[in-house]
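Per-entry structural report
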Amino acid sequence: MRVITGKARGRKLKDFEGRDIRPTTDMVKEAIFSIIQFDIEGSEVLDLFSGTGQLGIEALSRGAKYCRFVDKSRESAALTNENIDLAGFRWESNVVNGDSLDFLRMARYTFDIALLDPPYNNGLIEQALPLLEPKMSQRGIVVCEHERGLELPEEVGRLKRSKTYNYGKVAVTVYRIPFNEEE
């Protein structure tokens, strides 16, 4: 597992050894960041269900201003902290070790980009989207990595599903707040 491009390009990140964890493949990660590449610079990012932190670290490497990482697993939070240090983004990051849905209920932050990659087949994306929607800025983008075949809603408040991309057994659904929402 590595950072694909940007300030930390090529840096190797640590992964869980011997655990049944499904890290985002380089192909899917590259696809995600191709989709949002023009929206990353200077953005406030949320890496929800962060696991190893690789998605948020990739966003920071590509020019995001700040990233909050949230995962309820103590091991994931510790590994995310290690990976942030390996990539050199300590001052641009905050790791929250807690339940992602509880974080969304309590958070008073606004995010430009949210990256969601929860464990598959458990309804976490469907639960997170309504809690996340009011936390998104007017330029908000939500990227959901999930199992292929999962049909997510067309819209959740201001968030409108723009497209779903399929990569083997994995799908990526992107929500955006349309620009004309300010009018």
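Structure: above.
Described in the following lines is the structure provided in the data block. Since the structure is predicted, the reported quantities are computational estimates derived from the model, not experimental observations.

Attention shifts here to the overall build of the chain. Per the secondary structure count, the chain includes 5 helices and 8 strands. In the chain, the succession of α and β elements from N to C terminus is α-β-α-β-α-β-α-β-α-β-β-β-β. Whereas a compact globule of 183 residues would reach a radius of gyration of roughly 16 Å, the chain reaches 15 Å, a difference of no more than 12%. In terms of overall dimensions, the chain has a C-alpha envelope of 45 × 30 × 30 Å along the principal axes. Expressed as a percentage of the 183 residues in the chain, the buried residues total 53%. Across the chain, every contact between residues at least 6 apart in sequence was considered, and the portion connecting residues at least 24 apart equals 63%. Of the roughly 9100 Å² of accessible surface on the chain, 48% is carried by carbon and sulfur atoms. Charged side chains in the chain number 26 positive and 29 negative. The centres of these two groups are separated by 3 Å.

Examined against the element boundaries, Tyr109 turns out to sit in the loop between α4 (100–106) and β4 (111–116). Residues Tyr109 and Lys72 lie 37 residues apart in sequence; the distance between their C-alpha atoms is 19 Å. Once you skip the residues sitting within four places of it in the chain, Tyr109 turns out to touch Arg68, Phe103 and Lys135.

Time to look at the packing of aromatic side chains. In total, this model carries 2 aromatic pairs according to the counting rule given. Note on Phe103 and Tyr109: the rings are 6.2 Å apart at their centroids and 20° apart in plane angle, and the pair reads as stacked. Classification of Phe103 by relative accessible area gives buried; the value is 10%. Classification of Tyr109 as partly exposed rests on a relative accessible area of 35%. Centroid distance Tyr109 to Phe111: 6.2 Å. Interplanar angle 55°. Geometry classified as tilted. Connected via pairs of aromatic rings, a cluster forms that spans Phe103, Tyr109 and Phe111. The ring of Tyr109 has Arg68 lying over it, and the distance from NZ or CZ to the ring centre is 3.5 Å.

Quick notes on the rules
- Residues numbered from 1 in each chain as written.
- Predicted model: local features only at pLDDT ≥ 70, side-chain atom pairs only at ≥ 80, totals over all residues.
- Heavy atoms only, no water.
- Helix = DSSP H or I, 4+ residues; strand = E, 2+ residues; numbered from the N terminus.
- Rg over C-alpha atoms; globule rule 2.2 N^0.38 Å.
- Buried < 20%, exposed > 50% of the residue type's maximum accessible area, 1.4 Å probe, protein only.
- Contact = heavy atoms within 4.5 Å.
- Areas by Shrake-Rupley, 256 points an atom, 1.4 Å probe, with all protein chains shown as cover.
- Lys, Arg positive; Asp, Glu negative; His and termini not counted.
- Charge placed at Lys NZ, Arg CZ, Asp CG, Glu CD.
- Phe/Tyr/Trp six-rings, centres within 6.5 Å; stacked < 30°, edge-to-face > 60°.
- Lys NZ or Arg CZ within 6 Å of the ring centre and 35° of its normal.

Function-wise, these values are silent; they only describe arrangement.
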